[in-house]
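# Structure at a glance
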Amino acid sequence: MDCYTANWNPLGDSAFYRKYELYSMDWDLKEELRDCLVAAAPYGGPIALLRNPWRKEKVASIRPVLEIYSASGLPLASLLWKSGPVVSLGWSAEEELLCVQEDGVVLVYGLHGDFRRHFSMGNEVLQNRVLDARIFHTEFGSGVAILTGAHRFTLSANVGDLKLRRMPEVPGLQSAPSCWTTLCQDRVAHILLAVGPDLYLLDHAACSAVTPPGLAPGVSSFLQMAVSFTYRHLALFTDTGYIWMGTASLKEKLCEFNCNIRAPPKQMVWCSRPRSKERAVVVAWERRLMVVGDAPESIQFVLDEDSYLVPELDGVRIFSCSTHEFLHEVPVASEEIFKIASMAPGALLLEAQKEYEKESQKADEYLREIQELGQLTQAVQQCIEAAGHEHRPDMQKSLLRAASFGKCFLDRFPPDSFVRMCQDLRVLNAIRDYHIGIPLTYSQYKQLTIQVLLDRLVLRRLYPLAIQICEYLRLPEVQGVSRILAHWACYKVQQKDVSDEDVARAINQKLGDTPGVSYSDIAARAYGCGRTELAIKLLEYEPRSGEQVPLLLKMKRSKLALSKAIESGDTDLVFTVLLHLKNELNRGDFFMTLRNQPMALSLYRQFCKHQELETLKDLYNQDDNHQELGSFHIRASYAAEERIEGRVAALQMAADAFYKAKNEFAAKATEDQMRLLRLQRRLEDELGGHFVDLSLHDTVTTLVLGGHSKRAEQLARDFRIPDKRLWWLKLTALADLEDWEELEKFSKSKKSPIGYLPFVEICMKQHNKYEAKKYASRVGPEQKVKALLLVGDVAQAADVAIEHRNEAELTLVLSHCTGTADAATADKIQRARAQAQKK
Amino acid sequence: MAFPHRPDAPELPDFSMLKRLARDQLIYLLEQQHEVDKLYKVENKPALSSNEQLCFLVRPRIKNMRYIASLVNADKLAGRTRKYKVIFSPQKFHACEMVLEEEGVYGDVSCDEWAFSLLPLDVDLLSMELPEFFRDYFLEGDQRWINTAVQALHLLSTLYGPFPNCYGIGRCTKMSYELWRKLEEEEDGETKGRRPEIGHIFLLDRDVDFVTALCSQVVYEGLVDDTFRIKCGSVDFGPEVTSSDRSLKVLLNAEDKVFNEIRNEHFSNVFGFLSQKARNLQAQYDRRRGMDIKQMKNFVSQELKGLKQEHRLLSVHIGACESIMKKKTKQDFQELIKTEHALLEGFNIRESTSYIEEHIDRQVSPIESLRLMCLLSLTENGLIPKDYRSLKTQYLQSYGPEHLLTFSNLRRAGLLTEQAPGDTLTAVESKVSKLVTDKAAGKITDAFSSLAKRSNFRAISKKLNLIPRVDGEYDLKVPRDMAYVFSGAYVPLSCRLIEQVLERRSWQGLDEVVRLLNCSELAFTDMTKEDKASSESLRLILVVFLGGCTFSEISALRFLGREKGYRFIFLTTAVTNSARLMEAMSEVKA
C-alpha cells in the first residue's frame, strides 16, 4: 500500500491528483504531433490526425493523409486527402469526424474513414474563408463554430439539424481575436472572445463586453481560455502568466494562480469531475505540464515528447507518440482507502482482508474495530466504489475481495451493488483492452450508458464483443443481441466482394429467427447499396409478408409486392399496392396483373362496385366475363335507371351479355322481364294503378283482384305460367275477394291440377264452412280424411278412414275426437282397430 | 337442465374479463380521448345534437361513410362548423378513407380505431358480431376480416394461454390460422411459458357445412332465433308474446334460469317442462299458507323475490312458446320438417321437389323458398338441369326478376348449382373436368370458382353416419346423440366432424371425408408437445366458426360436451341461421 500512492500528487490540502498509463502507443507516427491537425473524441474515443496541414507547407505537391486511430493507437483508417485545405478537425457525439475546410464546407467521415456527407457553413463563410473552427458538444448534439477571415462568427448548434446562425459583429474588431471559445448556457451557444485586454460575449442578438470579477490588473492580452467539460467553469490565461479561474457565467471567481511563465501555453484544459473537491486546470507547454488550482503550489510534470490533451468528464487524457495517460483527481473512495495512515472503514476492511489471507488473527482485530464503530456497511460500500475507480484489474480484485469478505459479516447487505460492480468492471476491462481501445472510466461509462457503449462497439464493427456483453448483462434480446445482429447484417450487405448468395446465407445463418430482427430493414440497406437482388433474397427471410411490401414497391417489384401483400392477409396493404400499380401500369397491364391475382381482383371489384362502376364494367369486359357483365347491367337497370326505356335498354345489354356467356336461362329470363316491363307500363297506362316492378305472379294477381280476368289469362298464356301456379294464384285471389260464385265456377272449369284440398283449406281460412264443404266432397281419396277433418266432419272422416284401413289416418281422426259429441266416433274407430288386429 | 354436467366437467374460463376490458377501453376512448358526453345510435337520419363536436363510433362500412359524409356536407351547406371524429371498430379500412376523400370531407374528419373484436354473449359464447363476414368472404372473396379474426385469436391466446392442440378445416381457417401463428411467433415470449387454459381449438369454415346451417331449427334457442331473431344476445318479444301492448327486450343467456334450462331442449319438451315448472312455482307460492309470522318474514325477504323473478321469466317463455306454436302450425311446419328430413335422408326427391315448387307457387316466403332450393342442391350435388331451370323460373315469377342476381350469387358460393351432365364423377374428376371446360371456354370465370364446389353430402352422410338408424320412436326427452337437435333425423355435420377429430386427436382416418368435402389441402392438425396442459384444460375446447354458427350447432356440442365430459366454448364471427345466410346472398332492390 505504501507504494501505491507514489503517483499521487497533492494539490492544496484536500485533493490528490494521479496520472497513470492507459496504453503504450505503438502507432508508429512518422510525423511529430505538432505538425498535425489532431482531434480526439471524448469518452475514450478515436483519434484523428491529418498530416501536412496546409498552413505549414505551401506546396501542395504531396497529398496529405488522414489517419484515424483507436485510443490505443491501432489504425482504423487511413485515406489520402483529396479535398480542399482543412482548418480544423473534430468529432461529433456520434463519433463522426467533421473536417472543416477553408471554404466553409464540412466533410463528414465515419470512424472507418468512410465518407458520409458534407454540408456548407454558408456563403459568407465561403467568401471570407475560414480562419479558425471549433467543434463543440451541446445537449442537442454536436455544433460547429467558425471564425471567418472577416472576423465574424458563424455557428450551428447541431450539425444533425443544420441551422446556421451568424453572430453579431464585434465593434471595432480589426484583427483576429487572440483566443476564443464557445460557451453553452441555458441551452444556447455563445462565443467568448478576447481582443487585447478586452473580453466580449457574443450571443445571437448582441455583443457585450464582459470583465471577469477579481481579475488581476496589468493584463494586456489573453493567450488561452478553457471551458470545462460541462460548460460550467472557465479559465483564462493572460500574457502575464496569470491564470484566472471562475464560473463560465463570469459572475464568480473561484481562484487564481500565477505561474510566471509568459510563453503562451499549447493547451489548457480543465481537470475536474462531478462533485470535485478541487477545481483544477491543466496547462501544457512544449515540455511542461502543470496542474493548478486553488493552492499556492502547482503540480508539475515534465513532458518528454509532444503531447496532446483531451478533456474528459472526470479528468484529462494525455497522449503522445509513445504513451497514452490519464490524469485525474483521486476519487473520494479511493482516497479514503489508500491515503497513508487512513483509518477510514474501507481502509481497515482492506487491511483486514489482507491479514485474513495471511491467516493472521489481526484480521479479526481490524474487523472488530470497524464493527464496533458500526461502519461495516459503509466499509463494504467504500471498497466496492473504490474498485470501480481502479484501472488495474489486480487492484479491482483485491478491493472487491475485501468487499466480499466484509459482506460475510453483514446480515442484510443487498447484493446488487456488488454484483453490478463486478459486471460493470468486467465490461470495462474488456473494452479497455488494447485491441478494443476504449479507455472509459467508471464515471464516464455510467454517464455514457450501456446502450451508447454498445452503439459505439457496433460502430467499430466489434459485433462479437457487443453480443457477448449483451449476453453477459442479460439484456433483453430486442434491445441487445438482435439489434447488434441487425447492425452486423447491415454492415455485411455492404461487402461488395461477397456474392449475393453467400451474404444472404451468412446473414440467415447468424440471424435465424432471432426475435426483433427485421430482415426488411437489412434488405432496405442492401437496396440502398444498390444490391437489389440481395435485397430480394433477404426479404425472403422476412417472416411478416406485410413488412416486405413497402421495400418491394420501392424496388419496383410491384407484382411481387402484390403477392406478398396478399399473403399478409392485410387488405389495406393489398389496396396500397393496387393503387400503386394502377398509377404505375397502363390500364391493360393493370387488369392483366389483377387477372392473375384472384384475391386482389375481387378486392378491386368490391371497391369499384362502390366507387367506380365504369371501371368495373371495363374490368369484366377485359376478362370477357359476360356472366358478371350481365349481372352488372341487371343491377344497373334497377339502381341507375328511372325511365322504362332506359331500364329496358340496360336489360337488353344484360341479355346480350348472358347470351355471350352461354347462359341461355338468364338471357331468356331477362328478355321475359323486358317484355313484362313494357307490358306493365301499358297496363298502368290503360288500367291505372301500380304494376311496374311487380313480379309476374303479383302482376297477374293484381289483374285478377282488379276483375280483369281476361287480361290475367292472356298474360298467363303469354308468359306460359304453369297451370298449377295459375290455379293457386286464382284460388288465393278469389278467396281474398270472397267471390265464392266465381270460385266455384273456376273450380268447375276443369279438373284442378292442385287437387281440391287447397280449396277446402282456403275456404276454412276465410271461415266459410259452407263453401268448404262443397269442395270437401271433391277431394281425392288420399286427402279426404284431412279435408273432412278440416270442415269438422269427424264422423264421416272416421268412416272414410275405416274404409281405407289406414292406421295413420285413424290415429289422426282419433286425435280430433274431443268432448262427448265425438265419443261414439271414437268408439267406432277403436272397434274398427280391434277388428283389423284380429284379422 | 335435464342432463346436468358430469361432475368432472372443467370450469369455463372467465370471459367477463373481455367485457371489462372492452368497457374500460371504450370509456377511456370516448371520455378521455374524445370527450364524448352523450351517445346516440347511428341511424340514417340527420344528427339531432347541437354539439360542437360529433363523434361517430362505427363499423368500417361504406354505407356508414356515406352517411357521415352526408351529415358533414349538410352542416357545410348550413354554414355550420363542428369537429367530426370517426372511431372505427375493429379497424379502419383504406376504402373507407377513400370514400370520405371522394365525398370531399376527408379533411374535416379525424379518424381513430377501437380494436374491439370479442363480445362475450354468454358464459360459453364469444361473438365478433361481424355478420358481413359471411358475405364478404364466402361470396365476394374479400379477406378484409381475416385480420380481425386473427387479432381475436391472438387476444384469446394472450389472455388464456397458448392452445396445445389445434385442428381446422377450410380455406379461410387455414389462412387465418397461418397468419395467427406468424403473429404469435413475432410476439414470442408473451404467451411463452404460460399454462394453457384451453386445451384444444377447432377452427371451421362455414362453407364446410352449409347443410346444417340451412335446416329449420327445432331446439328452443334456435327456434327463438328463427322466429324472433336474437340480436346480440337479446331478443325483442312483441305484443303477441308479452300479451300486453308493449314489446319486451329480454336478455337470453345463462343468467336467465328458466331459459338456461330449456334453451338446449327439443321444442316438443319445452311446453311440458314449462308447465311442470309453473306447477312447482305454484307449490312454492302455496307454501306460504300455514306459515307463521317469522317464516313468512323469511319467505318474503329471501324467497319471494326469486320466485317473482322466476314467475316473470316463466310467463315470458310460455308466451314465446305459444307464439312459436301459432306461427309454426299456420305454415304447416310439420310438412316442411318432413320435406327437410326427406332431403337430408335422400328419399322421395321428386316429392320434395314438387313441395318446393308448390312452396314457391304459393309465395310462402322468398327466403324460405330459397333455403329449400339450396338444401335440395346441397344434398343432391346440385339440381338436375330441368329442375334447376324450372324452379328458378318459378321463383323469378313469384318473387321478382331481380333474384336473377341472387341466383348468380348462390351459384358462386356453391349453394345452388346445376348438376353437370352425367354427374357421377368423383370429386377429383369433376374438379379436373371443370378446369378443362373452363379452359375450353377460354376464361377464368371467377376468382373463387374453386370455392364453388359440389357437395358430396350423401357420401359424407354415409361415412359419418349422420342419419341415425331409428328403431321405433326417437325419444327426444332422453336424447341419444346430437341428432336430437333436428328431431333425431340428422346429426349436424359440423358437430360430427368436431366429435370425430377430437376422438382421434387428428384428421387421421377421415381422409375420405375430407376429400369429399373438397378440403384435401385445407384440413390440418397442429399439436405442440407440451405437458404443461392440465387434464382439466384438455377437456376445454374452443370451437371457432368463421362465417357464423347456429344455435342448433351450439346446442348439439353442448350435448356432446355433457356426454363426454368436455366443455365447449364457441367463438363465431356472428350467430347465424338459415334466414340470415339466405338474406346475405339475396340481392334486393335498393
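Calculation rules
- Residues numbered from 1 in each chain as written.
- Chains lettered and ligands numbered in written order.
- Predicted model: local features only at pLDDT ≥ 70, side-chain atom pairs only at ≥ 80, totals over all residues.
- Heavy atoms only, no water.
- Helix = DSSP H or I, 4+ residues; strand = E, 2+ residues; numbered from the N terminus.
- Buried < 20%, exposed > 50% of the residue type's maximum accessible area, 1.4 Å probe, protein only.
- Contact = heavy atoms within 4.5 Å.
- Areas by Shrake-Rupley, 256 points an atom, 1.4 Å probe, with all protein chains shown as cover.
- Buried area = accessible area lost by both parts, 1.4 Å probe.
- Salt bridge = Lys/Arg side-chain N within 4 Å of Asp/Glu carboxyl O.
- Polar contact = N/O pair within 3.5 Å; in protein donor to acceptor, adjacent residues only side chain to side chain.
- Pairing = 2+ DSSP bridges.
- Axes fitted to C-alpha atoms, helices over the stretch in contact; angles between N-to-C directions.
- Expected span 1.5 Å × (residues − 1).
- Arc of directions from axis to C-beta.
- Phe/Tyr/Trp six-rings, centres within 6.5 Å; stacked < 30°, edge-to-face > 60°.
- pLDDT = per-residue confidence, 0-100.
- UniProt positions renumbered as here; feature names shortened; annotations may be inferred.
- Lys, Arg positive; Asp, Glu negative; His and termini not counted.
- Parallel < 35°, antiparallel > 145°, perpendicular 65-115°, else oblique.
- Left-handed = near helix turned anticlockwise from the far one by under 90°.
- Nonpolar A, V, L, I, M, F, W, Y, C, P; charged D, E, K, R; others polar.

## A word on the overall build of chain B
- When you go through chain B residue by residue, the secondary structure sums to 23 helices and 12 strands.
- Every one of the 590 residues in chain B was classed for burial, and the buried ones make up 57%.
- When contacts within chain B are restricted to residue pairs at least 6 apart in sequence, long-range pairs at least 24 apart make up 78% of them.
- Roughly 26200 Å² of accessible area belongs to chain B as shown, and the carbon and sulfur atoms make up 51% of that amount.

## Side note on the interface of chain B and chain A
- Each side of the interface is counted separately: chain B has 50 residues, and chain A has 52 residues.
- A buried area of about 4300 Å², summed over both sides, lies between chain B and chain A, and 52% of it is on carbon and sulfur atoms.
- Of all residues in chain B, Gln397, Leu404 and Leu405 of chain B give up the largest surface area on contact with chain A, accounting jointly for 14% of the area buried on that side.
- For the pair chain B and chain A, the number of links is 3 salt bridges.
- With its nearest N and O atoms 3.6 Å apart, the salt bridge here joins Glu628 of chain A to Arg412 of chain B.
- One can count 13 residue pairs in polar contact (both at pLDDT 80 or more) joining chain B with chain A.
- Those elements giving two or more residues to the side of chain B that touches chain A turn out to be α2 (62-77), α3 (94-102), α6 (171-186), α14 (349-361), α16 (385-399) and α17 (403-413) of chain B.

## Some points on the sheet that holds strand β25 (residues 288-292) of chain A
Residues and elements named next belong to chain A.
- Within the open sheet, the 4 strands sit side by side as β23-β24-β25-β26. Their pairing is antiparallel. Here the strands that pair on one side only, and so sit at the sheet edges, are β23 (267-271) and β26 (299-302). Across the sheet, the mean angle from the axis of one strand to that of its neighbour is 20 degrees, orientation sign disregarded.
- Alignment of β23 against strand β24 (residues 280-284), held across 5 bridges, turns out to be antiparallel. Along β24, the bridge assignment pairs Val269 with Val282.

## Considerations on helix α4 (residues 362-373) of chain A
Residue and element names in this part refer to chain A.
- Between its first and last C-alpha, α4 extends 17 Å over 12 residues, near the 16 Å set by a 1.5 Å rise per residue.
- All of the buried residues along α4 are Ala363, Leu367 and Ile370. The buried side chains of α4 occupy one side of the element, clustering within an arc of 60 degrees when seen end-on. Those residues of α4 that are exposed and angled more than 90 degrees off the buried face are Glu372 and Leu373.
- In this structure, the buried side of α4 is in contact with α3 (345-357), α5 (376-389) and α6 (393-407).
- Following α4 by one or two positions, Gly374 adopts a phi angle in the positive range, close to 70 degrees.

## Overview of the packing of aromatic side chains
- Under the defined criterion, the tally for this structure stands at 42 aromatic pairs over all chains.
- Between Trp27 of chain A and Tyr69 of chain A the ring centres are 5.1 Å apart and the planes differ by 75 degrees, which places this aromatic pair in the edge-to-face class. Of this pair, Trp27 of chain A sits in the loop between β2 (15-24) and β3 (37-40) while Tyr69 of chain A sits in strand β5 (residues 65-69), placing them 42 residues apart in sequence.
- Taking the relative accessible area as the measure of exposure, Tyr69 of chain A reaches 4% and is therefore buried.
- Considering the side-chain rings of Tyr395 of chain B and Tyr399 of chain B, the 4.6 Å spacing of their centres and the 55 degrees angle between planes classify their relative orientation as tilted. Within this pair, Tyr395 of chain B and its partner Tyr399 of chain B are both found in helix α16, separated by 4 residues, close to a single helical turn.

## Some thoughts on the confidence of the model for chain B
All names here are of chain B.
- For chain B, the average pLDDT comes to 84, and 89% of its residues sit at 70 or higher.
- In the predicted structure, residues 435-454 sits below a pLDDT of 50 and forms 34 contacts with residues beyond four places in sequence or in another chain.
- Listed scores for the predicted complex are pTM 0.69 and ipTM 0.80.

## Quick notes on the UniProt feature "coiled-coil region" (unreviewed entry) in chain A
- Feature annotation in UniProt assigns "coiled-coil region" (unreviewed entry) to the following positions: residues 349-376 of chain A.
- Between the first and last C-alpha atoms of residues 349-376 of chain A the distance is 8 Å; the span itself is 79% helix and 0% strand.

## As for the side chain of Arg59 of chain B
Residues and elements named next belong to chain B.
- Within the secondary structure layout, Arg59 lies in the loop between β1 (53-58) and α2.
- Buried and unpaired, Arg59 has no salt bridge, with Glu132 as the nearest side chain of opposite charge at 5.1 Å.
- At 3.3 Å, the side chain of Arg59 forms a polar contact with the backbone oxygen of Met128.
- Ignoring any residue separated from it by four or fewer positions in sequence, one finds Arg59 in contact with Asn64, Ser89, Pro90, Met128, Glu129 and Leu130.

## Description of the packing of helix α15 (residues 545-554) of chain A against helix α16 (residues 558-568) of chain A
Residue and element names in this part refer to chain A.
- Where α15 meets α16, the closest approach of the two axes is 8 Å, and the angle between their N-to-C directions is 160 degrees. Put simply, α15 runs roughly antiparallel to α16. Considering how the two elements wind past one another, α15 and α16 form a crossing that is left-handed. Contacts from Ser545, Gly546, Gln548, Val549, Leu552 and Leu553 in α15 reach Ser558, Leu560, Ala561, Lys564, Ala565, Glu567 and Ser568 in α16.
- Of the residues contributing to the contact of α15 with α16, the split by class is 6 nonpolar, 5 polar and 2 charged.

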